[in-house]
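# Breakdown of the fold
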Amino acid sequence: MEGFLNIRLAPWLRRLITRLIAIVPAVCVIGILVRTRTTELLIWSQVILSMQLSFAVIPLLMFTDER
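Quick look at the structure, then. (Residues numbered from 1 in each chain as written. Predicted model: local features only at pLDDT ≥ 70, side-chain atom pairs only at ≥ 80, totals over all residues. Heavy atoms only, no water.)

### Regarding the overall build of the chain
When its secondary structure is counted, the chain shows three helices and zero strands. Listing every helix and strand of the chain by position from the N terminus yields α-α-α. For 67 residues, the compact-globule estimate of 2.2 N^0.38 gives 11 Å, and the C-alpha radius of gyration of the chain, at 16 Å, exceeds that figure by more than 25%. Based on the C-alpha atoms only, the size of the chain along its principal axes is roughly 50 × 30 × 10 Å. Each of the 67 residues in the chain was classed as buried or not, and the buried ones make up 3%. With an accessible surface of roughly 6300 Å², the chain has 70% of that area assigned to carbon and sulfur atoms. Distance between charge centres in the chain, computed from 7 positive and 4 negative side chains, equals 12 Å. (Helix = DSSP H or I, 4+ residues; strand = E, 2+ residues; numbered from the N terminus. Rg over C-alpha atoms; globule rule 2.2 N^0.38 Å. Buried < 20%, exposed > 50% of the residue type's maximum accessible area, 1.4 Å probe, protein only. Areas by Shrake-Rupley, 256 points an atom, 1.4 Å probe, with all protein chains shown as cover. Lys, Arg positive; Asp, Glu negative; His and termini not counted. Charge placed at Lys NZ, Arg CZ, Asp CG, Glu CD.)

### As for a nonpolar patch on the surface
Together, Phe 4, Leu 5, Ile 7, Leu 9, Ile 17, Ile 21, Ile 58, Met 62 and Phe 63 line one region of the surface with nonpolar side chains, adding up to about 800 Å² of accessible area. Going through the elements one at a time, α1 (2-5), α2 (11-33) and α3 (38-65) are the ones with two or more residues in the nonpolar patch. Broken down by element, the residue count for the nonpolar patch peaks at three residues, all from α3. Relative to the helices and strands, Ile 21 is located in helix α2. (Patch = residues over 30% accessible without salt bridge, like charges linked within 9 Å, V, L, I, M, F, W, Y side chains within 5 Å. Salt bridge = Lys/Arg side-chain N within 4 Å of Asp/Glu carboxyl O.)

In structure tokens, the structure reads:
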């Protein structure tokens, strides 16, 4: 995504930012719901993953469509 968004960051900073964006919300939700609603947590994780699929597929189609 670095070239797609024209953002230049040091590799270590880019990795840190993307991992924090992914891990911090997940840890918070798991910490809150893990003891009471395990099944519901699993279902919601799959719903969110299915909604994120378009954000991965659309840029992929754009990259492969251009010569």
